Amino acid sequence: MKKIVIRKPGGYDRLVVEQHPDLTPADDEILVDVQAAGINYADCVTRMGLYASAREYVGYPITPGFEVAGTVRAAGKTVSDLAPGTPVFAVTRFNGYASQLAVPRRQVFPLPATLSFQQAAALPAVALTAWYALFELAHPHAGDTLLVHSAAGGVGSMLVQMGKIAGCRVIGVVGAAHKVDAVTALGADAVIDKATQHLWREAERLAPGGFHVVLDANGVATLADSYRHLAATGKLVMYGFHSMLQTRRGIPKRLRLAWDWLRTPRFSPFDLTTRNRSVLGFNLSYLFDHGAILQQGMQRILDWQASGKLRLPAVTPYPFEAVAEAHRALESGQTTGKLVLVID
Ligand SMILES: NC(=O)c1ccc[n+]([C@@H]2O[C@H](COP(=O)([O-])OP(=O)(O)OC[C@H]3O[C@@H](n4cnc5c(N)ncnc54)[C@H](OP(=O)(O)O)[C@@H]3O)[C@@H](O)[C@H]2O)c1
């Protein structure tokens, strides 16, 4: 088998393709011959050495990757319902950037006939993140107004659509003009292009009473203002900090990082209470022990997809060996939808 290994955190040159012996599944595992592996911004943060759960659960060397699609190669002794050759997709805590993945049965789903390997590998991480943020944490009501930052990206494009499924008015924010049409096509009621418009003036014009839910993975660049623009009873869901990660050749600028860490708002319990606002946060990679939640989320996502309510992310494929190029593209902030590694 081949896999991408990061032996030490750093820039793009740390992503090295290595040959390793074939895997054998444990008793409760499925061994998947991977055809496509989803790329997430968290994989870039793992490469930089700044992803907490990567250090906690694996350490370095590490193979990143949270999601794959492919065919069953073999099943462990206690697994009887997925025969070799069955097309599947799976979520995994790391190790997805590989031609083989051994993963517990409960994290594997049969591939719906309408999905290609690339589409399925692009779906679970971003869709589960958006589902958890909206339906497990924010619980928006129909008619609520939502603000979705980075609305054209992997998670953002799912949040826009799920906000509409919940019956909400959705305002998307993007950082470049070429992303506006993509977010409009996803169903957003308005799109703010912060490269050409004043983000918060425009947000106030579109929602003078504030937002019932703001979904923010920018971190320091917008968190304080996102909180300030909540309506009474509003909820701010934080799920990432990508604006902290200014890099040079893929290596974070350490001084800037420290400064941004210091500048990141700490929310006051007194303010939260008197203003009736909530601040919520989560990280999917710490939810793998809550299998039932993920299964429930995945079922709803697949139902929405099958009924045509949820469109799959637009996929940009990259050859497995071009992983560095894919990371560079994702970190450029210019991509829309999802990037996927394709294994031949
Ligand atoms: N908590 C969780 O469980 C969880 C799970 C999945 C993802 N996430 C987080 O969700 C966010 C989105 O992830 P994704 O994989 O779907 O990525 P993505 O949204 O497809 O790409 C990242 C986007 O973030 C914006 N951005 C702002 N500053 C950036 C910077 N310094 N470097 C790169 N991009 C920057 C850009 O969009 P605009 O300029 O248009 O804003 C860029 O296109 C990330 O912060 C990720 O860590 C969290």
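All values derive from a computational prediction rather than experimental measurement.

Colleague: Lay out the packing of helix α1 (residues 41-48) against helix α12 (residues 323-331) with the relevant residues and their values.
Modeller: Two elements in contact, α1 and α12, have axes separated by 10 Å at closest approach and are oriented at 110 degrees. Here α1 is positioned roughly perpendicular relative to α12, judged by the angle of their axes. Counted together, Y41, D43, C44, R47 and M48 of α1 and H327, L330 and E331 of α12 form the full contact between these two elements. A class-by-class count of the residues in the contact of α1 with α12 yields four nonpolar, one polar and three charged.

Colleague: How would you sum up the site of the ligand? Please name residues and give values.
Modeller: If you check the shell around the ligand, you find 24 residues, and the closest are S150, G175, K179, H242 and L284. H242 has a polar side-chain atom sitting 2.8 Å from an oxygen atom of the ligand. The backbone of F282 places a nitrogen or oxygen atom 2.9 Å from a nitrogen atom of the ligand. Burial of the ligand by the protein amounts to 90% of the accessible area it has alone, namely 910 Å².

Colleague: Any chance you could break down the pairing of strand β17 (residues 338-342) for me, citing the residues and the numbers?
Modeller: Burial analysis of β17 places four of its five residues in the buried class, which makes it a mostly covered element. Summarising the sheet, strand β16 (residues 315-319) and β17 pair through five bridges and their orientation is parallel. Each residue of the ladder has a partner; that of P319, found in β17, is V342. Handedness of the crossover joining β16 and β17 through α12: right-handed.

Colleague: Explain helix α11 (residues 291-306) residue by residue, including any values.
Modeller: An ideal rise of 1.5 Å per residue puts 22 Å on 16 residues; α11 measures up with 22 Å between its terminal C-alpha atoms. Of all the residues in α11, the buried ones are G291, L294, G297, M298, I301, L302, W304 and Q305. The buried side chains of α11 occupy one side of the element, clustering within an arc of 160 degrees when seen end-on. Exposed and facing more than 90 degrees away from the buried side of α11 are A292 and A306. Packing partners of the buried residues in α11 comprise β5 (87-91), β7 (108-110), α4 (124-138) and α5 (154-165). G308 occupies a position one or two residues after α11 and carries a positive phi of about 85 degrees.

Colleague: Run through the sheet that holds strand β15 (residues 278-281), naming residues and quoting values.
Modeller: Taken in spatial order, the six strands line up as β10-β9-β8-β11-β12-β15 in an open sheet, and their pairing is parallel. The open sheet has two edge strands, β10 (190-193) and β15, and neither has a second partner. In this sheet, neighbouring strand axes are inclined to one another by 15 degrees on average, regardless of whether the strands run parallel or antiparallel. As defined by bridge partners, strand β9 (residues 169-174) adjoins β10 across four bridges and the pair is classed as parallel.

Colleague: Mind laying out the nonpolar core, listing which residues take part and the relevant values?
Modeller: Of all hydrophobic cores here, the largest spans 55 residues; its most connected members are L159, M162, L215 and I301. Of all the elements in the fold, those that place two or more residues in this core are β5, α3 (117-121), α4, β8 (145-148), α5, β9, β11 (211-216) and α11. With eleven residues, α4 is the single largest residue contributor to this core. Apart from residues no more than four positions distant in its own chain, L159 is found in contact with A130, A133, L134, V148, L215 and Y239. Within the second largest apolar cluster, 41 residues are counted, among which are I6, Y51, V68 and L101.

Colleague: Explain the pattern of salt bridges to me, and be specific about the residues and the numbers.
Modeller: On inspection of all chains with the given rule, the structure shows 14 salt bridges. For K2, the salt bridge is made with E321, and the minimal N-O distance between the two is 3.1 Å. Of the two residues, K2 sits in strand β1 (residues 2-5) while E321 sits in the loop between β16 and α12, which places them 319 residues apart along the sequence. The exposure class of K2 is buried, given its relative accessible area of 14%. Residue classification places E321 among the partly exposed residues on the basis of a relative accessible area of 47%.

Scoring rules and cut-offs
- Residues numbered from 1 in each chain as written.
- Predicted model: local features only at pLDDT ≥ 70, side-chain atom pairs only at ≥ 80, totals over all residues.
- Heavy atoms only, no water.
- Axes fitted to C-alpha atoms, helices over the stretch in contact; angles between N-to-C directions.
- Helix = DSSP H or I, 4+ residues; strand = E, 2+ residues; numbered from the N terminus.
- Parallel < 35°, antiparallel > 145°, perpendicular 65-115°, else oblique.
- Contact = heavy atoms within 4.5 Å.
- Nonpolar A, V, L, I, M, F, W, Y, C, P; charged D, E, K, R; others polar.
- Near = heavy atom within 4 Å.
- Polar contact = N/O pair within 3.5 Å; in protein donor to acceptor, adjacent residues only side chain to side chain.
- Areas by Shrake-Rupley, 256 points an atom, 1.4 Å probe, with all protein chains shown as cover.
- Buried < 20%, exposed > 50% of the residue type's maximum accessible area, 1.4 Å probe, protein only.
- Pairing = 2+ DSSP bridges.
- Right-handed = clockwise from strand over helix to strand, strands pointing away.
- Expected span 1.5 Å × (residues − 1).
- Arc of directions from axis to C-beta.
- Core = buried A, V, L, I, M, F, W, Y, C linked by side-chain atoms within 4.5 Å.
- Salt bridge = Lys/Arg side-chain N within 4 Å of Asp/Glu carboxyl O.

By themselves, these figures tell us nothing about what the structure is for.
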